[in-house]
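Descriptive analysis of the structure
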Amino acid sequence: MRTLLLALHAELSGKVPAKIEPNRTDDARIGGDEDEQPLNEMMQAIASSRNRNTDGMLARVVKALGKLRNDPDSFGECEECGDELPYGRLKAVPYVEFCVDCQGKKDKPKGGPTRRKLTDYT
């Protein structure tokens, strides 16, 4: 696991953050292609999201490496319930923090259902 985590750390540390280009490079320029502005905004949102995801994953890898170094006996245990994480799950995502059940509870949508029945609108 240590080898996998170190390789992932090296890969994530070496990634250059995605560049986010400004929407307009010239304040005087207005108009042009009407699809250019929304497309540029979408590309900015995607680049920003990728940068955040990479930073978050790197933080989780660093945390897993620290846990492996400081408390190797607890490495591979769910941080919520303490159950042992399956080897396949650890191999696929070596920085995983929770078992499938606990992760599912954390990912569960907050609040009630957002969809309504068709009959609610009549």
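Here is what the cut-offs are and how they apply
Residues numbered from 1 in each chain as written. Predicted model: local features only at pLDDT ≥ 70, side-chain atom pairs only at ≥ 80, totals over all residues. Heavy atoms only, no water. Helix = DSSP H or I, 4+ residues; strand = E, 2+ residues; numbered from the N terminus. Buried < 20%, exposed > 50% of the residue type's maximum accessible area, 1.4 Å probe, protein only. Contact = heavy atoms within 4.5 Å. Expected span 1.5 Å × (residues − 1). UniProt positions renumbered as here; feature names shortened; annotations may be inferred. Arc of directions from axis to C-beta.

Some remarks on the overall build of the protein chain
From N to C terminus, the protein chain includes 4 helices and 0 strands. Helices and strands in the protein chain line up, N terminus first, as α-α-α-α. Within the protein chain, the fraction of its 122 residues that count as buried is 20%. Long-range pairs, those at least 24 residues apart, make up 51% of the contacts in the protein chain with a sequence separation of at least 6.

Comments concerning helix α2 (residues 36-70)
In a regular helix each residue adds 1.5 Å, so 35 residues correspond to 51 Å; α2 covers 51 Å between its end C-alpha atoms and thus fits that length. Along α2, the residues that are buried comprise Asn40, Gln44, Ala47, Asn51, Val61, Ala64, Leu65 and Gly66. Turning to α2, the residues buried within the fold contact α1 (2-14).

Regarding the UniProt feature "domain: Zinc finger DksA/TraR C4-type" (unreviewed entry) in the protein chain
UniProt tags residues 74-107 as "domain: Zinc finger DksA/TraR C4-type" (unreviewed entry). A distance of 23 Å separates the end C-alpha atoms of residues 74-107, which is 41% helix and 0% strand.

So, α1
Along its 13 residues, α1 runs 18 Å from first to last C-alpha, staying within 8% of the 18 Å computed at 1.5 Å per residue. Among the residues of α1, Leu5, Leu8 and Leu12 are the ones counted as buried. In an axial view of α1, the angular spread of the buried residues amounts to 65°, which keeps them on one side of the axis. Of the exposed residues in α1, the ones pointing more than 90 degrees away from its buried face are Arg2, Thr3 and Gly14. Residues of α1 that are buried make contact with α2.

Observations concerning the UniProt feature "zinc finger region: dksA C4-type" (unreviewed entry) in the protein chain
The UniProt entry lists residues 78-102 under the feature "zinc finger region: dksA C4-type" (unreviewed entry), expressed in the numbering used here. When the span residues 78-102 is considered, its composition is 36% helix and 0% strand, and the gap between its end C-alpha atoms is 8 Å.

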